[in-house]
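One-letter residues, chain by chain:
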Amino acid sequence: MTNHNSGQQYLDELLSSLSGDKLSEIDFDKLADWLQELKVSLADSCELQAELKLMREDYLNRIAGMVKAVTIVERSSGSTEKVLAYLEDLESLSAAELIEQYRKTSHRFRIAFPTTFGLPPVSNNNFTGLKETKDYK
């Protein structure tokens, strides 16, 4: 019963046995084995859920920090309200959507802070080489 579908089928059979006069047809050895497997699966599921929660919180905090930093640099009018609404909406996103928002936000952050990533500031069109990182400190 390691397969999810077979476990679901067994659960359906068990529920139908409990609801009717078929109580004597229940295989208690099979039930005990299934409950043991379910116990392990439930523990794994709880562990994965805790890890997912931790990763979501980390992504949300990273995105919030980058968005706040970019907002301060851009200084556009009315951006504070938009940022707050955006950050509130992040909590309702699925994992795939949250990862996509992280990628977009980190791209905006790298554009807003190019020297943080060892890139020279774009000020001279004739400039072709990179400066030493000590020049930016």
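Residue numbers here run from 1 along each chain, matching the order of that chain's written sequence. Only residues with pLDDT of 70 or above have their local features reported here, since the model is predicted, and side-chain atom pairs are shown and tallied only from 80 upward, although totals for entire chains, interfaces and linings are computed over all residues. Values reported for side chains reflect all heavy atoms of the structure, with hydrogen atoms and water molecules removed beforehand.

1. Focus on the overall build of the protein
Defined as follows: Each helix is a run of H or I in the DSSP string that is no shorter than four residues. Each strand is a run of E no shorter than two, and both are numbered from the N terminus. Throughout this description, buried means an accessible area under 20% of the type-specific maximum (1.4 Å probe, protein chains only), exposed means over 50%, and partly exposed covers the range between. In what follows, residue pairs with any heavy atoms lying within 4.5 Å of each other are defined as contacts. For accessible areas, the Shrake-Rupley method is used with a probe of radius 1.4 Å. Any residue's cover is judged against the shown protein chains and nothing else.
What the protein contains, in helices and strands, is 4 helices and 0 strands. For the protein, the proportion of its 137 residues judged to be buried stands at 19%. Within the protein, contacts between residues separated by at least 24 positions form 52% of all contacts whose residues are at least 6 apart in sequence. Carbon and sulfur atoms make up 54% of the accessible area of the protein, which totals about 10900 Å².

2. A closer look at a negative patch on the surface
Where we set the bar: Every patch collects residues that have over 30% relative accessible area and no salt bridge, joining them within 9 Å if they carry like charges and within 5 Å if they are nonpolar side chains (Val, Leu, Ile, Met, Phe, Trp, Tyr). The term salt bridge refers to a pairing of a side-chain nitrogen on Lys or Arg with a carboxyl oxygen on Asp or Glu at a separation within 4 Å. Counted as positive: Lys and Arg. Counted as negative: Asp and Glu. His and the chain ends are not counted at all. Note that the charge is assigned to NZ on lysines, CZ on arginines, CG on aspartates and CD on glutamates.
Judged by side-chain charge, Glu57, Glu88, Asp89 and Glu91 come together as a negatively charged surface patch. Along the chain, Glu91 falls in the loop between α3 (79–90) and α4 (95–112).

3. Quick word on the side chain of Arg56
Convention followed: What qualifies as a polar contact is a pair of N or O atoms within 3.5 Å, subject to a donor-acceptor requirement within protein and to the restriction that residues adjacent in sequence count only when both atoms come from side chains.
Among the secondary structure elements, Arg56 is positioned in helix α2 (residues 28–74). Buried charged residue Arg56 carries no salt bridge. Nearest counter-charge: Glu91, at 6.6 Å. Within polar-contact distance, the side chain of Arg56 engages the backbone oxygen of Glu91 at 3.1 Å. Dropping the residues within four chain positions of it, Arg56 is found in contact with Leu90, Glu91, Leu93, Ser94, Ala95 and Leu98.

4. Some words on the packing of α2 against α3
What counts, and what does not: Lines fitted to the C-alpha atoms define the axes, with helices restricted to the stretch that makes contact. Angles between their N-to-C directions range from 0 to 180 degrees. Angle categories are assigned with fixed cut-offs, so that under 35 degrees is roughly parallel, over 145 is roughly antiparallel, 65 to 115 is roughly perpendicular, and the rest are oblique. Think of it as three bins: nonpolar holds Ala, Val, Leu, Ile, Met, Phe, Trp, Tyr, Cys and Pro, charged holds Asp, Glu, Lys and Arg, and polar takes everything else, Gly as well.
Packing of α2 against α3 brings their axes to within 11 Å, and their N-to-C directions diverge by 170°. Between α2 and α3, the interaxial angle falls into the category roughly antiparallel. Facing α2, whose interface residues are Arg56, Leu60, Ile63, Ala64, Val67, Lys68 and Thr71, α3 presents Ser79, Val83, Tyr86, Leu87 and Leu90. Here the residues of the contact of α2 with α3 are counted per class, giving 8 nonpolar, 2 polar and 2 charged.

5. A closer look at the nonpolar core
Rule in force here: For the purposes of this section, nonpolar cores are sets of buried Ala, Val, Leu, Ile, Met, Phe, Trp, Tyr and Cys residues that join through side-chain atoms within 4.5 Å.
Core analysis: the biggest nonpolar cluster contains 8 residues, these being Leu60, Ile63, Ala64, Val67, Val83, Leu87, Leu90 and Leu98. Breaking this core down by element, the ones donating at least two residues are α2 and α3. With 4 residues, the top contributor of residues to this core is α2. Sequence-distant contacts of Val83, that is, excluding residues within four places in its chain, are made with Val67 and Thr71.

6. Brief notes about the pattern of salt bridges
Applying the stated criterion across every chain, the model contains 2 salt bridges. Here Arg62 makes a salt bridge to Asp58, at a shortest N to O gap of 2.8 Å. On the criterion of helical spacing, the pair formed by Arg62 and Asp58 is a turn pair, its members being 4 residues apart in helix α2. Under the relative-accessibility criterion, Arg62 is labelled partly exposed at 43%. With a relative accessible area of 33%, Asp58 lands in the partly exposed category.

7. Considerations on the packing of aromatic side chains
The test is simple: Each aromatic pair joins two rings of Phe, Tyr and Trp (for Trp, the six-membered one) with centres within 6.5 Å, and gets the label stacked for planes under 30 degrees apart, edge-to-face for over 60, and tilted for any other angle.
Per the stated rule, a full pass over the model turns up 3 aromatic pairs. The interplanar angle of 45° and the centroid separation of 4.8 Å between the aromatic rings of Phe109 and Phe113 together place this pair among those described as tilted. For Phe109, a relative accessible area of 18% puts it in the buried group.

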